[in-house]
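# Structural overview
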Amino acid sequence: MNTLVSLAAEGKENPLIPPWPELVIGLIAFVIVFGFLAKKLLPNINKVLEQRREAIEGGIEQASAAKVEAESVLEQYKAQLAEARHEAARMRQEATEQGAAIIQEMKAEGQRQREEIIAAGHTQIEADRKAASAALRQDVGKLATELAGKLVGESLEDHARQSRTIDRFLDALEDSASKAEAGR
């Protein structure tokens, strides 16, 4: 600082302070350049900045709208997925119930067929027993007639008499057998 004071005291020009005419011309040139920039360049710069701001805000709005739409689609997807799971559970339940019903029907059908087979077997056994009883009755009657004919010494070939004798004999045997069973 001493050097500036000493230079001013000597009367010499200060190199840091320009002369007045240069200062006025520089100031006028600065105002002209500043005015030109303000008139021509500054609106273009502001226009570009405004376009960028609008583009950024539009992008943010689009991103926000896309996010809302994506969330909506996600909720719809979750709802459809839950509905599909519910439907699958319902179908599994129906299939289980149908399977149980089919099993019950098959058991009932098997039971019915078993009872039919048993009834048919009993019927067949009864028919076979009656046939065997009739055949045995005939054979026993024939043997009894031959034996009686040999004992008496005469032929008992009269068929009507033979049938009545055999029937009486076998009826007596059946009565004694049924009395013996009832006595047990």
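Residues numbered from 1 in each chain as written. Predicted model: local features only at pLDDT ≥ 70, side-chain atom pairs only at ≥ 80, totals over all residues. Heavy atoms only, no water.

### Quick word on the overall build of the chain
Under the convention used in this document: Numbering of helices and strands runs from the N terminus, with a helix taken as a DSSP run of H or I at least four residues long and a strand as a DSSP run of E at least two residues long. Working definition: with a 1.4 Å probe on protein chains only, accessible area under 20% of the residue-type maximum means buried, over 50% means exposed, and in between means partly exposed. The Shrake-Rupley method, run with a 1.4 Å probe, gives the accessible areas here. Residue values count only the displayed protein chains as cover.
Each helix and strand counted, the chain has 3 helices and 0 strands in total. Residue burial in the chain is summarised as follows: out of 184 residues, 3% are buried. Carbon and sulfur atoms provide 63% of the accessible area of the chain, an area that totals close to 16,300 Å².

### Details of the pattern of salt bridges
A side chain of one charge can pair with a side chain of the opposite charge when the charged atoms of the two come close. Rule in force here: By salt bridge we mean one thing: a side-chain nitrogen of Lys or Arg within 4 Å of a carboxyl oxygen of Asp or Glu.
All chains considered together, the criterion is met by 7 salt bridges. For glutamate 109, the salt bridge is made with arginine 112, and the minimal N-O distance between the two is 2.2 Å. In this pair, glutamate 109 and arginine 112 both sit in helix α2 (residues 20–152), 3 residues apart, roughly one turn of the helix. The closest approach of N and O atoms between glutamate 116 and arginine 112, which form a salt bridge, is 2.2 Å. A residue pair is termed a helical-turn pair when its members lie 3 or 4 positions apart in one helix, as glutamate 116 and arginine 112 do in helix α2 at 4 residues. Within the structure, one salt-bridge network assembled from shared partners comprises Glu50, Arg53 and Glu57.

### Looking at the packing of aromatic side chains
By convention here, two paired aromatic rings are described through the distance between centres and the angle between planes. The line we're drawing: Two rings from Phe, Tyr or Trp (for Trp, the six-membered ring) form a pair when their centres are within 6.5 Å of each other. A pair whose planes differ by under 30 degrees is stacked, one over 60 is edge-to-face, and the rest are tilted.
Within the structure shown, the criterion is met by 1 aromatic pair. Here the aromatic rings of phenylalanine 30 and phenylalanine 34 are separated by 6.1 Å at their centres, their planes lie at 20°, and the arrangement is stacked. Taken as a pair, phenylalanine 30 and phenylalanine 34 lie in helix α2 at a separation of 4 residues, close to a single helical turn. Residue phenylalanine 30 shares its accessibility class with phenylalanine 34, and that shared class is exposed.

### Comments concerning the confidence of the model for the chain
Using the following cut-off: Every residue carries a pLDDT, the predictor's confidence in it, which falls somewhere between 0 and 100.
Per-chain confidence: the chain averages 84 in pLDDT, with 87% of residues scoring 70 or above. Across the chain, element-level confidence peaks in α2 with a mean pLDDT of 89 and bottoms out in helix α1 (residues 2–10) with 54.

### Notes on a nonpolar patch on the surface
Here is the rule we go by: For patch building, the residue pool is restricted to those with more than 30% relative accessible area and no salt bridge; the joining distance is 9 Å between like charges and 5 Å between nonpolar side chains (Val, Leu, Ile, Met, Phe, Trp, Tyr).
Side chains of Val33, Phe36, Leu37, Leu41, Leu42, Ile45 and Leu49 sit close together on the surface and give an oily, nonpolar patch of about 620 Å² of accessible area. Mapping leucine 49 onto the fold places it in helix α2. For leucine 49, a relative accessible area of 48% corresponds to the partly exposed category.

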